[in-house]
Structure formats: structure tokens, C-alpha cells
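Examining the three-dimensional arrangement
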Number of protein chains: 2
Amino acid sequence: MGIVERRLRQKDEVRSSILETAWQIVKEEGWQSLSIRKIADAIEYSVPVIYDHFANKEAILLEFGKQGFNLLAKKLQQAKDSTDDPGGQLKAIADAYWNFAFRNKEYYQLMFGLGIACCEQEKCLPELTPFRNLVMEPINKLITSNKNKQINSCLKYHTFWSVMHGLISIKMINNNTEVADELNKLVLDDAIDGFIKNLKG
Amino acid sequence: MGIVERRLRQKDEVRSSILETAWQIVKEEGWQSLSIRKIADAIEYSVPVIYDHFANKEAILLEFGKQGFNLLAKKLQQAKDSTDDPGGQLKAIADAYWNFAFRNKEYYQLMFGLGIACCEQEKCLPELTPFRNLVMEPINKLITSNKNKQINSCLKYHTFWSVMHGLISIKMINNNTEVADELNKLVLDDAIDGFIKNLKG
DNA sequence: TGTTTTACCTAACACCGTTAGCAAAGTTAA
DNA sequence: TTAACTTTGCTAACGGTGTTAGGTAAAACA
């Protein structure tokens, strides 16, 4: 009897509509003004229904954080697959990371915004491992083709990531004030070029 | 007649005690749990009194943001004054910036935390100009002693700052998980070394 | 001493996240 | 078909938030 299945399906539909609606609110008003009551209003259910699907508000934000990490991983994979040259791969990855951040500002802020749901706990860090492996491989290749093999690749991975995040954060903070958009692209290229040059020795 | 002066003095004392109390709460419970009512309770005044001194809660946070920028500027100035060698100056500045961030975590998060009072508006950016000038000078010196003088120093300043911020943010997000503390220092040195090497050409 | 300004408070408004408890509907078994 | 049970969804509340309107009592001034 498919009754129980239909029920599960219906429950899943409510869950989905919660996420969809929440995401729409985040996109339109920013995640700071997302509220349980707004979601409930929009999906035309009462407030407590939402708590049948999510433990609390943070769990909803966390869901988006995970979505973001998965989407990012996909984009970075595609970037890496676009070429075989390790240096080119790093450049492509950096570019894809950059584009992801600004084409999905809401995701990025949710994923890395200080003080918010995701990434403060260790829980959600597993989603980062694909990223790590992705970046680590070309770095390792560049190092092995280098004279000075004493370089710590884990350290280099960390540097790469931090540099990326820094460039993006500062641009997001400055928003459209002060620094022109083309300049920001130059800053990215500059930093990544320097990083790769440094890797090659 | 000093009556009006005494009054102003008393009013200033209340203002100061608001800021002191607020800062204590921020240090003890984090800025996310700072509330007007908590401040009012602690200073033993009613809630609306606080609005005689600050337009709203954000204005209080903004005040701390400004304090933070001024303190940072002082620390960086000291760092720069510690040596005459431009490369050494950049290193010292980077070190001081790093230390400031982690010794004054609350300040740093208030200054750069996405979605919070400071630095989303253009208003508070003036406080950043000392930092800019400070970093720009040694960068310019390094460039002029370089063969390839086509390098844009404004771009380099921006890169320097972004890299710094990225390293710090990622460490703050990861907190004490995953990456050891000594490694983080290495990452900083690595990135800044690479940056300076790149500058020298 | 009466008038005006200032300081301060109570009480409210409109939100927020979260939960207890109840009513209605749907499902199952006798 | 009826009775028992489970699920679903609601109302209403609790305790919290930022913010403000309006009134009172004290202080300063004429």
C-alpha cells in the first residue's frame, strides 16, 4: 500500500518548499532577515510545522551551506578538468572559485561568513575535502618538477585557499566602493601568478 | 557657572559606561549576544537612556569598529618604525597585523565580519587610510629598486591586504581544528615571503 | 516662586526563535 | 461501520530582541 509512501512524498514536498522559500527570501533580502515566520507565511503553513522538518533555524542555514559546498566542488572539478597543465589547473581553479563566490554571493557568505551557521563547527568541514584534494594535486605536481623539493604541499594548499578567500572577502567588504572591478581581477591574477611562480621556484 | 559643564561631564560618563559595559559583554559573550537591555541592566539605567547617547545598536558596534581601526593603525605604525628596510617593514607590518587580529579577535571580527556594522558602508573606510599609506610606502620603495617598474603599486597594496585578511579569516574559521598553530605562522611567512619576492622581481 | 528645560522611566509596538498543548483529520483494526 | 490510534497542523504562549511614544519628577533659570 503506497499510502505511507505518498505521505513521505508529501512531507518531502513541504520540506522542499521550506528550503525553496527560504532561499528566495535569502536572495531577495539577505540571510540576515530570514525568519521562521516569514517562511511559514510564504508556504502558507503555521510556524511549528517548520520544526517538524528542521531542528531549528540554524539547521536551515546549514543546509544551504552544504548545498554551497557541493556546488563549489562541482565547479572546481570542472575547472580542473579543463586542462592537464598543473599551473593552468591552479589558475582555472582560482578563476572558478572567484566566479563562484561572486555569482553565488549568498552561498559564499553563508559558507564562510563569520558568526554564521556553517563552518564554525567541525561538522561541515567534510564538505571541504574534495576542494582540498582538487587543489593539492596540481600543487604536488608543480613541487615535484621543482629543484627545491623541501616545500610543504599542505602549507601551500592552505596558502592558496587563504589567499583566494582574502581576495574575495576584501572585495565583498569594499563592495563597489573605492576599487574598480577590473582592478580586482588584476589583483586575483597577480596573487595567483605570484603563488605559482613561487611554487615553481 | 559650571553647571552646564558638570552636566556634560555626567552625560559623558554615562556614554563611557555604556561603551565600557558593552565592550565587557562583547568580550565575555561575543558581539552576537550584545543587547541594549543587557547594557541598560548593567549600567543601572532604563533602556531609552541608551538612545540618548547612540542612535541605535549599530552605532555602538560602529564605535568599536572605529576604535579597532585606530588601535590597528597604531600597532602597524610601530611595526613600520622598527626598521628602515622596506622588505623588513612589510614583514613587520604583516606580523603586527597578524598579532593584532588574534590578540583582539573581537575587534577584528567587528571590523571585518561580514554582515556586521562596520565596513559595509563607505562611512567607516576613512579609518583605513593610515593603513594604506603605511603599506604603500615600502611597496613603492621595493618597486623602484626593481628592474620591471611597470608594477602597479595600488594593485600590490590591495593584494597584500587581501592576502593578510584571507590568512587570518581562514584561521579564525578553522579555529583550532585541523591545522596546527605553528603551521599557520608558516603559512603567513610563506605568503608574505612570496609576495615580497614577487615585488623585487 | 513660577516657568521651562532636562533627565529619566514606564509601557508599549512589532518583531524574533521556540515549544506546549489541543483539535481535527486520516489510518487502521474489530 | 465503529472504535482506537496516529499523524498533522493549529493556536497561543514564553521569553527574548530593537525601538519609540508619552508622561513625570527633578533640576535650572527667570
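You'll find the structure just up there.
Here is a short report on the structure shown in this document. Source: prediction; values computed, not measured. (Residues numbered from 1 in each chain as written. Chains lettered and ligands numbered in written order. Predicted model: local features only at pLDDT ≥ 70, side-chain atom pairs only at ≥ 80, totals over all residues. Heavy atoms only, no water.)

**Topic: helix H1 (residues 3–29) of chain A**
Residues and elements named next belong to chain A. For the record, the criterion: A run of DSSP states H or I qualifies as a helix once it reaches four residues; a run of E qualifies as a strand once it reaches two. Both are numbered from the N-terminal end. Helix span, expected: 1.5 Å multiplied by one less than the number of residues in the helix. Per-residue accessibility, obtained with a 1.4 Å probe over protein chains only, is compared with the maximum for each type, and a residue is labelled buried under 20%, exposed over 50%, and partly exposed between these values. Should any heavy atoms of two residues lie within 4.5 Å, those residues are counted as being in contact.
Taking 1.5 Å of rise per residue, 27 residues should cover 39 Å, and H1 covers 39 Å from first to last C-alpha, within 8% of that figure. Within the sequence span of H1, burial applies to Val 14, Ile 18, Leu 19, Thr 21, Ala 22, Trp 23, Ile 25 and Val 26. Turning to H1, the residues buried within the fold contact helix H2 (36–43), helix H3 (47–50), helix H4 (57–81) and helix H6 (105–112). Gly 30 sits one or two residues past H1 and shows a positive phi near 85°.

**Remarks on the environment of B:Met164**
Residue and element names in this part refer to chain B. Residue position: Met 164 is located in helix H8 (residues 153–174). By relative accessible area, which is 0% here, Met 164 ends up buried. For the pair formed by Met 164 and Asp 95, sequence separation is 69 residues and the distance between their alpha carbons is 9.5 Å. For Met 164, the contacting residues outside a window of four places in its chain are Ala 94, Tyr 97, Trp 98, Leu 188 and Ile 192.

**Focus on the protein's contact with DNA strand D**
Basically, it comes down to this: One heavy atom within 4 Å of a molecule or strand is enough for the residue carrying it to be called near that molecule or strand. N or O atoms within 3.5 Å of each other form a polar contact, as long as, within protein, one can give a hydrogen and the other can take it, and as long as residues adjacent in sequence are counted only when both atoms are side-chain atoms. Ten residues, namely Ala, Val, Leu, Ile, Met, Phe, Trp, Tyr, Cys and Pro, are considered nonpolar, four, namely Asp, Glu, Lys and Arg, are considered charged, and the remaining ones, Gly among them, are considered polar.
Lining the immediate surroundings of DNA strand D are 19 residues, of which A:Ser46, B:Arg6, B:Arg37, B:Tyr51 and B:Lys57 lie closest. Here DNA strand D approaches the protein such that, of its atoms within 4 Å, sugar and phosphate make up 60%. Taking B:Arg37, its side chain carries an N or O atom lying 2.6 Å from a base nitrogen of DNA strand D. Among the secondary structure elements, those contributing two or more residues to the surface near DNA strand D are H1 and H3 of chain A together with helix H1 (3–29), helix H2 (36–43) and helix H3 (47–50) of chain B. Ranked by residues supplied to the surface near DNA strand D, first place goes to H1(B) with three residues. A breakdown of the residues in the surface near DNA strand D according to their chemical character gives nine nonpolar, three polar and seven charged.

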